[in-house]
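Residues per chain, in single letters:
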Amino acid sequence: QVRLVESGGGLVQPGGSLRLSCVASGNIAKRYTLGWYRQAPGEQRELVATITQRGSTNYAEAVKGRFAISRDNAMNTVYLQMNSLKPEDTAAYFCNANDPVYLVGYWGQGTQVTVSS
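Below is a short write-up of the structure.

Scoring rules and cut-offs
Residues numbered from 1 in each chain as written. Predicted model: local features only at pLDDT ≥ 70, side-chain atom pairs only at ≥ 80, totals over all residues. Heavy atoms only, no water. Helix = DSSP H or I, 4+ residues; strand = E, 2+ residues; numbered from the N terminus. Rg over C-alpha atoms; globule rule 2.2 N^0.38 Å. Buried < 20%, exposed > 50% of the residue type's maximum accessible area, 1.4 Å probe, protein only. Contact = heavy atoms within 4.5 Å. Areas by Shrake-Rupley, 256 points an atom, 1.4 Å probe, with all protein chains shown as cover. Phe/Tyr/Trp six-rings, centres within 6.5 Å; stacked < 30°, edge-to-face > 60°.

What follows concerns the overall build of the protein chain. Looking only at helices and strands, the protein chain features zero helices and 11 strands. Each helix (α) and strand (β) of the protein chain, taken in turn from the N terminus, gives the series β-β-β-β-β-β-β-β-β-β-β. In summary, the protein chain has a C-alpha radius of gyration of 14 Å against a globular reference of 13 Å for 117 residues, a match within 12%. Here the C-alpha coordinates of the protein chain stretch approximately 40 × 25 × 25 Å along the principal axes. Residue burial in the protein chain is summarised as follows: out of 117 residues, 41% are buried. Within the protein chain, contacts between residues at least 6 apart in sequence are counted, and of these 54% link residues at least 24 apart. Total accessible area on the protein chain stands at roughly 6300 Å², and carbon and sulfur atoms take up 47% of it.

This is how it looks when you write it as structure tokens:
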């Protein structure tokens, strides 16, 4: 069983920054791809960014150049640094761990990010 716990969300003004963290515990393997997704009210959950075991990253077009994903394998933690935040970034942000071998995925409970003046 894998458990993911996010933190770092909150209220920030447009143009501000936040750093999200997600700590994974349980039977998690270093091979897992870790990622962040978000879901705004009334919208489908969408990809924000992912990072593989080797550090290859993938970003949604809407966040390229503003967000940066990183991981600390020793600490089983994935981060999302969010800069130049916009009101349209407002959403619940969810951490994801995906096993590329057994095709099993796990989700955190989400952390709310609100960008508003």
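Glancing now at the packing of aromatic side chains. This structure, assessed with the given rule, holds two aromatic pairs. On the numbers, 6.4 Å between centres and 5° between planes, the contact of Tyr32 with Tyr106 is stacked. With Tyr32 in the loop between β3 (18-26) and β4 (33-39) and Tyr106 in strand β10 (residues 104-107), this residue pair connects regions lying 74 residues apart in the sequence. Given the relative accessible area of 5%, Tyr32 is considered buried. Where Tyr37 meets Trp107, the ring centres are 5.1 Å apart and the plane angle is 70°; that geometry is what we call edge-to-face. With Tyr37 in strand β4 and Trp107 in strand β10, the pair connects residues that are 70 residues apart, well separated along the chain.

Now for the environment of Ser116. Along the polypeptide, Ser116 turns up in the segment after β11 (111-115). Taking relative accessible area as the criterion, Ser116 reaches 37% and is therefore assigned partly exposed. Along the sequence, Ser116 and Leu85 sit 31 residues apart, while their C-alpha atoms lie 9.4 Å from each other. The contact partners of Ser116, leaving out residues within four places of it in the chain, are Leu11, Val12, Gln13 and Pro14.

Let's shift gears to the environment of Thr50. Its location among the elements puts Thr50 in strand β5 (residues 46-51). Since its relative accessible area comes to 16%, Thr50 is described here as buried. For the pair formed by Thr50 and Cys22, sequence separation is 28 residues and the distance between their alpha carbons is 13 Å.

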